[in-house]
Amino acid sequence: MKLPIRSKLAGILSVAVMAGGLAAGLSSGAPASANGGNSTIRCETGGVGTGGAVEFNLEARDGYISFPDGNTVYTWSYALAGAPYLQFPGPTLCVDEGDLVRVNLTNPPHGDNLSGGIPADFTSILFPGQTGVTATGGTAGLLTQEVDAGVPGDMVTYEFTASAPGTYLYESGTDQAVQVQMGLFGGLVVYPSAGRGFVYDGVNFDTENEFLLIFHEIDPGLHVGIELNSLAGLTGDAVLDGYDPVSRHNRYWTINGRSFPDVIAPNDTPVLPTQPYGGLVQINAGDPDGAYIQLPALVRYANAGLDNHPFHPHGNSLRIIAQDARPFPDEIEAYTETVAAGQTYDLLAEWNDVEAWQGTGAPIGVTLPALNNTMFKGGVTFYSGDADLGQQQQLPLDVTTFTTCGEYYFPWHSHALQEIQNFDEGFGGMLTLWRVDPPKEFDADAGQWLSPTACR
Amino acid sequence: MAQPDGVQVMTMSSNTRTDGTMKTKTTSSIRSRIAALVATSLLASVTVAAATVGTAAAATDIWVCAKPGSASVADPATGGTSTMPVAFTGFVEVASDLDCATAIPQLGDPTPIRLTQGVTYNLNVVNQTGFPINLTAVGLTGAPDLTGIADTATDSYEVTPAQPGTYLYESSLDPRHALLGLQGVIVVDPAVPDGTAHGNLVSDYSTEQVVVISEIDLSFNNAVDPFVEDLRNFKPDLYLLNGQTHTAGSAIPPIVADSGERVLLRYVNASSDNSTMTVLGLRQIIVAFDGEIFDGSGAAGELPRNESNIFLTAGQTADVIVTVDGATGDQIAIYNRNLRTSATDDNGEQLLMIEVGAVVAPVAPDVYLSLNNTTRSLAGVVVRDEDVALWDGTTISVFFDGESHGLIDVAPANIADIDAVHVDPVSGDVWFSLRQDFDKPTGAFAAEWAAVPDVRLQENDIFKFDNAAGTFSVWLDGSAIGLSDGLNRHDINGVSVDPVSGVTTFSVNGSIITADGVPYMTGSGVTFGARNEDVLRWIPVSGAADPSGPGQFNVLFDGTDFGLGVENLDAVVISATDVMFSLTTEYPNIPTPEFDRDDLIACRGHQSPPLGSITDTCTAPLALQFDADVLHPTNAGQVDAYSLG
């Protein structure tokens, strides 16, 4: 085992990572720029395999992730084969209805990289919600064929036909109580035959505003216990010794593997190399003149955790259209939905003339206090200085605002409120923001409707 | 109806749908006090008193003992190589109180107390726990019993279950009671046993399994006196399905079911936490939560009926159907996705397998049919168009003889021809509609038709023949629900009925949109339009109690999605998963296999279009359900009504 050397190296790098991680949300200005480089779903589309299959090569990997309070946590997850780091959650696999999907899973040996395979006896992947999944290779386990983690090159191939569109998870099917908690999960999206602008046939959305929010929670005690055992050279079931699941006590709650405020940093922020997926939900308000039909944003929830999480946005209701990739007979307008462990939900988010903002109604018309009578805690704010969408006004000189074009920000979070903290530091944890930009405008140069220039 | 002591017995009525039970409080309290006073020596006589009350009220006695028990649970921490002793207090059903001495309660017992909808029971509880308890059947019991049953006493609760389903019962006098194990399951079967959980098609099943979700805190349960334990310290360390743990070396015995079987899982969350039950690789169709039916009518706010993960709050029950699909020996995992465990190398302790037994080819159901305006000799049996014939796969017989009920042709004005039929194979009840109007039978037949008010039976009505009573009634008055504009009536030419929910699925002859495109078909003020290649569904608000009352239409099956335009559906059969129909003409575009005009064609796994989608779907190409050639190969086109049994 080369774990000790690798882990020390990782530890050193993680310190730098966590410092950057804390800064990511708070000091890089606007959380994400509109329409590009933001937190929209980032699909892995796979290659073309034999038989026309959409083929993904995944590795089970270990490595480190960081949290806004400065902590670094040893984690297991998946990565595309050959990737320099694990990624947490695993790669988001996107396929189309009717595709033959093939996933090859290996557990690579530890090399000189930051991370290698996981020090377990076996590991595997389940595809809950899929029917007719076949698994070939490896060793028969309780729920599926498993990769022998100690045998280099051992591989299991999972195949299924993506028969029903919607949002799914994939996750370890081996010693799930530990391996799923350690982070072996990812998202799977099946687009309907109508195309990638649709969530189900007949239900389309703004493809610039599609988001996948994967929930999870972490007890660092489990992770540290396994890290220390693996540093001591233990493998297999022995690496799990010393952790009592009955005493599981979560300290971090994550959206797409990050805790707030890291959640609102954009995709692929360089300061979070093992946590590439952002979670800021960003939409454009509807065009009050009706010249441009603003389609709703699509938000996909997927709870990969072991706990149930009541999750809701502030500021507006949502249109809940499906659960577990099965459309409701009629959509439900609601805002809080308890996303049970393993469940997924599909929701449409819109902002149309809510509270008669400047659109077709009168401006909100709030009388603002004089600047010298206002203060902002910490000297930073998500407030633009004006109550109306798209308007920016002066703020006190020593105040930094994260707004760029008078956009609105609302919390969107677990309402199990102990979950929106990072080891007792709040706000944090399973919390993101809902960014509402002004309506799109027609950009004559680009020949299309785009967010206002100031928002981009 | 009054009991001897004057206590009113609550029976099923319109305002007791979810509250159809009550404790015979006055009697019980007095009995309890007496019992407490005289203690154990008079237990038998107290029992007699309770039984006497039961007899007087014509109630069926159920006996339940509450007493301490001990269990031995596979210890997940050792991978199941050792067991953990668990002390608990539980309920156990017995034949009579005399059996309590020897009865042994089971931890997390999935064996339900089985009741029948609409029947009145005395739930007699013999308390041998050492402390006062009560019995609260969540969703069944009315006012809570705050007095309870003293230790060594026996008391009785009167229950008349108003609706079928799965219910949790427990002792609720103290929060410790349920944690100690004083919980159990009541299953209420439909009033008419028909192989379903709720009397509707979607709850049809062949195998059932109660799955009780619970947990144990060993330090609490095994304490010398749990009643002095501090509940703030309650923290489970064993997580159970049906009183057992799944461990690496010790599996919970599997549910054995054949491939293709519909397995009814009755989840009962008797734990103090919310749980999420997953079936790997199979979809779970939700039939009911807490005994309340999901009818799939698409009402706003209704939850989906088809999930991977069923979220059950503490105390909740759910009835779900899974259709087993696999090869012999396959193991299909049912587990709590909250993955609760006390062992590290574990998948979670709450895991149970469905083991696939045989792979059985589906048995072709019996076929009920009626002919179109003709009399034929089918396999040597003369069948008229006012009859309903039964084909059991080998022979044909007349199941419902129209002439013997007054449906006798008097040419030319009065021709009786059944052109839509639905048969309940258990009760033998027949629902039908006629091809054209017909004078109501009189004379010798007047009595059996007395409940039908019309002088002339109309083609847009659906009549019900009650097989037990031998009488006819109007099931659905087509004119009352808008199948008429006053001038033109729409002949109902295919029907399928859900006798419990009253949901009636049918097709009509001719378009029901007027020539200028103005829809005139209205139900409860809702303007509605569809055409003769569609299958329509009528959902009455009051269910089977008043199928012709207020309700709502929708299109269940849009023929246009299957290449049907000018064609006319003339038989409709609905199963739990399929929509089946026949046509008055040959199927257009001649797919393979070719469908004749009197064949029954099936859309398997039919899904109505969700949300904004415009297309109905089947899980397979349209298939031949029944080939009428087996009856009479040279006379295609003579069958105009089908029902399957």
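The rules behind these values
Positions within a chain are numbered from 1, following the residues in the order the chain's sequence is written. Here every chain gets a letter starting at A, and every ligand a number starting at 1, in the order they are written. Confidence filtering applies because this is a predicted model: local features only for residues at pLDDT of at least 70, side-chain atom pairs given and counted only at 80 or more, and all residues used for totals across whole chains, interfaces and linings. Working from all heavy atoms in the structure, the side-chain values ignore hydrogens and water. Counting from the N terminus, the helices are DSSP H or I runs at least four residues long and the strands are E runs at least two residues long. Only protein chains enter the accessibility calculation, which uses a 1.4 Å probe; a residue is then buried when its area is under 20% of its type maximum, exposed when over 50%, and partly exposed in between. Whether two residues touch is decided by their heavy atoms; if any such pair falls within 4.5 Å, the residues are in contact. Only the protein chains shown count as covering a residue, and every accessible area follows the Shrake-Rupley method with a 1.4 Å probe. By salt bridge we mean one thing: a side-chain nitrogen of Lys or Arg within 4 Å of a carboxyl oxygen of Asp or Glu. When two cysteine sulfur atoms lie within 2.5 Å, the pair is treated as a disulfide. Identification of polar contacts relies on pairs of N or O atoms within 3.5 Å, with a donor-acceptor requirement for protein atoms, meaning one able to donate a hydrogen and the other able to accept it, and with residues adjacent in sequence counted only if both atoms are side-chain atoms. Pairing between two strands is assigned when DSSP locates at least 2 bridges connecting them. For helices, the fitted axis covers only the stretch in contact; all axes are lines through C-alpha atoms, and the angles between them, taken along N-to-C directions, range from 0 to 180 degrees. The quantity reported as buried area is the accessible area (1.4 Å probe) lost by two parts once they are put together, taken as the sum for both. Ten residues, namely Ala, Val, Leu, Ile, Met, Phe, Trp, Tyr, Cys and Pro, are considered nonpolar, four, namely Asp, Glu, Lys and Arg, are considered charged, and the remaining ones, Gly among them, are considered polar. Expected span of a helix: the number of residues minus one, times 1.5 Å. To define a nonpolar core, start from buried Ala, Val, Leu, Ile, Met, Phe, Trp, Tyr and Cys residues and group those joined through side-chain atoms within 4.5 Å. Like-charged residues within 9 Å of one another, or nonpolar side chains (Val, Leu, Ile, Met, Phe, Trp, Tyr) within 5 Å, are grouped into patches, provided each residue has over 30% relative accessible area and no salt bridge. Each residue carries a pLDDT score, the predictor's confidence in it, ranging from 0 to 100. Stacked, edge-to-face and tilted are the three classes for Phe, Tyr and Trp ring pairs, Trp counted by its six-membered ring, which pair at centre distances within 6.5 Å; planes under 30 degrees apart are stacked, over 60 edge-to-face, the rest tilted. To sit over a ring, a charge needs its Lys NZ or Arg CZ within 6 Å of the ring centre and within 35 degrees of the ring normal. Positive charges are assigned to Lys and Arg, negative charges to Asp and Glu, while His and the chain termini are left out of the count.

When its secondary structure is counted, chain B shows 4 helices and 43 strands. Counting over 645 residues, chain B shows a buried share of 56%. Of the contacts formed within chain B by residues at least 6 apart in sequence, a portion of 65% connects residues at least 24 apart. Summed over its atoms, the accessible surface of chain B is roughly 24,100 Å², and 55% of this surface lies on carbon and sulfur atoms.

This paragraph deals with the overall build of chain A. Helix and strand counts for chain A come out as 3 helices and 29 strands. When the 456 residues of chain A are sorted by exposure, 58% land in the buried category. Nonlocal contacts in chain A, meaning residues at least 24 apart in sequence, comprise 68% of its contacts between residues at least 6 apart. If you sum the accessible surface of chain A, you get close to 16,000 Å²; carbon and sulfur atoms cover 54% of it.

What the rule picks out here adds up to 29 salt bridges over all chains. Here Lys440 of chain A and Glu208 of chain A are joined by a salt bridge, their closest N and O atoms 3.0 Å apart. Here the residue Lys440 of chain A occupies a position in the loop between β27 (431-437) and β28 (441-443), and Glu208 of chain A occupies one in the loop between β14 (203-204) and β15 (210-218), the gap between them amounting to 232 residues. Take Lys440 of chain A: its relative accessible area is 4%, and that puts it in the buried class. When the shortest N-O distance is used, the salt bridge between Glu208 of chain B and Arg114 of chain B registers 2.8 Å. Taken as a pair, Glu208 of chain B in strand β10 (residues 207-216) and Arg114 of chain B in strand β4 (residues 113-116) lie far apart in primary sequence, 94 residues in all. Counted as one network, the salt bridges with shared partners bring together Arg114, Asp189, Glu208, Arg266 and Asp319 of chain B.

Before going further, it helps to examine the state of the cysteines. Residues and elements named next belong to chain A. Tallying each qualifying case throughout the model produces 3 disulfides over all chains. Disulfide partner of Cys405: Cys455, at an S-S distance of 1.8 Å. With the S-S dihedral at roughly 105°, the linkage between Cys405 and Cys455 falls on the right-handed side. Of this pair, Cys405 sits in the loop between β25 (400-401) and β26 (408-414) while Cys455 sits in the segment after β29 (448-450), placing them 50 residues apart in sequence. Comparing Cys405 with Cys455, the two get one shared label, buried. Each disulfide of chain A joins two cysteines, and with those cysteines numbered along the sequence the arrangement is 1-2, 3-4.

What follows concerns the environment of Ser548 of chain B. Residues and elements named next belong to chain B. Mapped onto the elements, Ser548 comes out in the loop between β37 (535-540) and β38 (551-557). For the pair Ser548 and Ser479, spaced 69 residues apart in the sequence, the C-alpha separation amounts to 9.1 Å. A polar atom in the side chain of Ser548 sits 3.5 Å from the backbone oxygen of Trp475. Of the polar contacts made by the side chain of Ser548, one reaches the backbone nitrogen of Asp477; its length is 2.7 Å.

Each strand in a sheet pairs with its neighbour through backbone hydrogen bonds, running either in the same direction (parallel) or in the opposite one (antiparallel). All names here are of chain A. What the 6 strands build is an open sheet, ordered β16-β15-β18-β23-β20-β21; its pairing is mixed. Here the strands that pair on one side only, and so sit at the sheet edges, are β16 (252-255) and β21 (326-334). Geometrically, the sheet is characterised by an average inter-axis angle of 20° between neighbouring strands, direction not taken into account. With 6 bridges connecting them, β15 and strand β18 (residues 297-303) associate as parallel partners. Directly across from Leu213, in β18, lies its bridge partner Tyr301.

On to the interface of chain B and chain A. Tallying the contact residues gives 40 residues for chain B and 48 residues for chain A. Roughly 3,500 Å² is buried in total at the junction of chain B and chain A, and carbon and sulfur atoms are behind 57% of that figure. We note a salt bridge from Glu171 of chain A to Arg337 of chain B, for which the minimum N-O separation is 2.7 Å. Our count for the chain B to chain A interface comes out at 12 residue pairs in polar contact (both at pLDDT 80 or more). Split into classes, the residues belonging to the side of chain B that touches chain A amount to 15 nonpolar, 17 polar and 8 charged.

Residue and element names in this part refer to chain A. The mixed open sheet is built from 3 strands, whose spatial order is β4-β12-β11. Lying at the two open borders of the sheet, with one neighbouring strand each, are β4 (90-96) and β11 (166-171). Strand-to-strand twist in this sheet, taken as the mean axis angle between neighbours without regard to direction, amounts to 25°. Direction of pairing for β4 relative to strand β12 (residues 185-191): parallel, over a ladder of 5 bridges. When the sheet's bridge partners are listed, Cys94 is paired in β12 with Val189.

All right, on to helix α3 (residues 220-231) of chain A then. In an α-helix there are 3.6 residues to a turn, and that puts residues three or four apart on one side. Residue and element names in this part refer to chain A. Between its first and last C-alpha atoms α3 spans 16 Å; for 12 residues at 1.5 Å apiece the expected length is 16 Å, and the two agree. Where α3 is concerned, the buried positions are Pro220, Leu222, His223, Gly225, Ile226, Glu227, Asn229 and Ser230. Where α3 terminates, the next one or two residues include Gly233, which has phi positive at roughly 90°.

Okay, the nonpolar core next. Residues and elements named next belong to chain A. Judged by nonpolar contacts, the single largest core of 60 residues is most densely connected at Trp76, Ile125 and Ile226. Examining the composition of this core, we find that 6 residues originate from one element, strand β2 (residues 54-66), more than from any other. Sequence-distant contacts of Ile226, that is, excluding residues within four places in its chain, are made with Tyr74, Trp76, Val178, Met182, Val239 and Leu240. The next biggest cluster of nonpolar side chains, apart from the first, holds 37 residues, and it includes Leu280, Val339, Met430 and Trp434.

This paragraph deals with a nonpolar patch on the surface. Nonpolar side chains collect at one region of the surface, where Ile364, Val366, Leu368 and Tyr383 of chain A lie side by side and expose about 300 Å² of accessible area between them. Secondary-structure assignment places Tyr383 of chain A in the loop between β24 (380-381) and β25.

Attention shifts here to unusual backbone geometry. If a residue is not glycine, its phi is most likely negative; likewise, a peptide bond is most likely trans. Residue Pro89 of chain A is bonded to the preceding Phe88 of chain A through a cis peptide linkage, with omega at 0°. With respect to the helices, strands and loops of the structure, Pro89 of chain A is situated in the loop between β3 (72-80) and β4. Between Phe260 of chain A and the following residue, Pro261 of chain A, the backbone shows a cis peptide bond with an omega angle of 5°. The residue Pro261 of chain A is located in the loop between β16 and β17 (281-284) in this model. One non-glycine residue, Asn242 of chain B, adopts positive backbone phi at about 55°.

All names here are of chain A. The residue Thr72 is located in strand β3 in this model. Thr72 sits in the partly exposed class, given a relative accessible area of 25%. Taking the C-alpha atoms as reference points, Thr72 and Val224, separated by 152 residues in sequence, lie 9.9 Å from one another.

Moving on, we get to the confidence of the model for chain B. Residue and element names in this part refer to chain B. Per-residue confidence for chain B gives a mean pLDDT of 81; residues scoring 70 or more make up 81%. Looking over chain B, one finds the lowest element-wise mean pLDDT in helix α1 (residues 25-38), namely 34, and the highest in strand β9 (residues 183-189), namely 97. Every residue in residues 1-57 is under pLDDT 50, and counting partners more than four places away or in other chains gives 93 contacts. Within the model, the stretch residues 513-527 combines pLDDT values under 50 with 32 contacts to residues more than four positions away or in other chains. Interface scoring of the predicted complex returns ipTM 0.88; its pTM is 0.78.

As enumerated under the stated definition, the model contains 37 aromatic pairs over all chains in all. Aromatic pair Phe442 of chain A and Trp449 of chain A: ring centres 5.7 Å apart, planes at 70°, arrangement edge-to-face. Classification of Phe442 of chain A by relative accessible area gives partly exposed; the value is 48%. Three or more aromatic residues joined by ring pairs form one cluster here, namely Phe400, Phe432, Trp449, Phe463, Phe465 and Phe472 of chain B. The cationic tip of Arg300 of chain A hangs over the ring face of Tyr191 of chain A; the distance from NZ or CZ to the ring centre is 5.3 Å.

A few words now on the side chain of Asp387 of chain B. Residues and elements named next belong to chain B. As for its placement among the helices and strands, Asp387 is situated in the loop between β24 (381-383) and β25 (388-391). Despite its burial, Asp387 pairs with no opposite charge, the nearest such side chain being Arg384 at 5.0 Å. Setting aside chain neighbours within four positions, we find Asp387 in contact with Leu369, Ser370, Val398, Phe400, Asp401, Gly402 and Glu403.

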